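Here are the chains, one letter per residue:
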Amino acid sequence: QLAMSLNSSTLLNEENSQGPKRNTECLESPVLQSPSSLQDNPLQQLQLASQEVLEKAKKSGRSKCPRCSSSRMFYCYTCFVPVETVPTKEIPTVKLPLKIDIIKHPNETDGKSTAVHAKLLAPDDVTIYKYPCIPEYEDKRHETALIFPGPNSVSVKDIAFHLQKYTKKGVYDSDDDCSREPFLKQAKIEPKEEKNINECISGNRSEGTRLKKIIFIDSTWNQTNKIITDERLQGLLQIELKTRKTCFWRHQKGKPDTYLSTIEAIYYFLVDYHQEILKENYKGQYDNLLFFFSFMYTLIKNARCCAGKE
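Residues numbered from 1 in each chain as written. Predicted model: local features only at pLDDT ≥ 70, side-chain atom pairs only at ≥ 80, totals over all residues. Heavy atoms only, no water.

(A) Layout of unusual backbone geometry. Residue Pro132 follows Tyr131 across a cis peptide bond; omega there is 10°. Mapped onto the elements of the fold, Pro132 is located in the loop between strand 6 (126-130) and strand 7 (144-147). With a phi close to 65°, Ser69 is a non-glycine residue in the positive phi region. Of note, Ser69 is situated in the loop between strand 1 (63-64) and strand 2 (71-72). Positive phi, close to 75°, is recorded for Phe74, a residue that is not glycine. With respect to the helices and strands, Phe74 occurs in the loop between strand 2 and strand 3 (75-76). The exposure class assigned to Phe74 is buried, which follows from its relative accessible area of 2%. (Helix = DSSP H or I, 4+ residues; strand = E, 2+ residues; numbered from the N terminus. Buried < 20%, exposed > 50% of the residue type's maximum accessible area, 1.4 Å probe, protein only.)

(B) Main features of the side chain of His274. Looking at where His274 falls in the secondary structure, it is placed in helix 9 (residues 262-276). With a relative accessible area of 4%, His274 lands in the buried category. At 2.9 Å, the side chain of His274 and the side chain of Tyr286 are in polar contact. With residues near it in sequence (within four places) discarded, His274 still touches Lys279, Glu280, Asn281, Tyr282, Gln285 and Tyr286. (Polar contact = N/O pair within 3.5 Å; in protein donor to acceptor, adjacent residues only side chain to side chain. Contact = heavy atoms within 4.5 Å.)

(C) Expanded view of the pattern of salt bridges. One pass over the full model with this rule turns up 9 salt bridges. Residue Lys56 pairs with Glu52 through a salt bridge whose shortest N-O separation is 3.6 Å. Remark: Glu52 and Lys56 occur in helix 3 (residues 52-60); sequence separation between them is 4 residues, near one turn of the helix. Judged by its relative accessible area of 52%, Lys56 is exposed. Residues Asp110 and Lys104 are paired through a salt bridge, measuring 2.6 Å at the closest nitrogen-oxygen approach. Because the salt bridges share partners, they merge into one network encompassing Lys95, Lys99 and Asp125. (Salt bridge = Lys/Arg side-chain N within 4 Å of Asp/Glu carboxyl O.)

Distances and angles like these do not, on their own, reveal function.
Following this line, the structure appears as structure tokens:
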């Protein structure tokens, strides 16, 4: 899965053109609303935009991608745009508090990846790279972190403390008005001014951290080693999500249920970041990141119930 998580997602066997025709009666059944199903579906309580547009698209079947004309269901996973039967204006847009880079393994099947959900729903804040074509992060280590489990990984609540270590080394963003001059020269200013400079460097809302970008790896667990050992990712602060359980329907056998799909990892990180770092009450601001994921979860669960698999 991804980021502790290193996995991906599917859209009812997207790569199989016969997929949407199977279990048709089950897929067209309404979302289950019984008390037991509410307990079985942990995504039921999300504050989501209306999914009526997806219901209509499901009944219409596959449609063309407006860019490459490929036949897809809901969205094109290569062009990162909704298909013709899913008007862009009816898809929610989520504004994120920081930028997200997703590094996708070249062998990860496009149609099975949930990374595209993030790009579709937060287009201004998410960039997807296909490894080995990834950015250089060396000069941005003081404001960048990587979601990945490991012996040196930290929890979300500890981000501010650990990023301060990078700040103390005098690594500053040259585009920041507060850090245009060398660190030693800034230290000569009057105490009152110095306090203002330091507050600007650390950021007003994030209590000591200037975290601006978070990196996720979109890959199966067995494929991650090549990416995580890349020299361009070395030295970055690593963060691990330990307390969430996946709802992903393609969970990798033999892996803990805390290994999340890519979009789950992004969503849960942002919820924790909002509460632990921004110190703000969470009121569903990022729930729509699971707009497609929750809809597919319900489709697949209902189909499995009809098939007698659950």
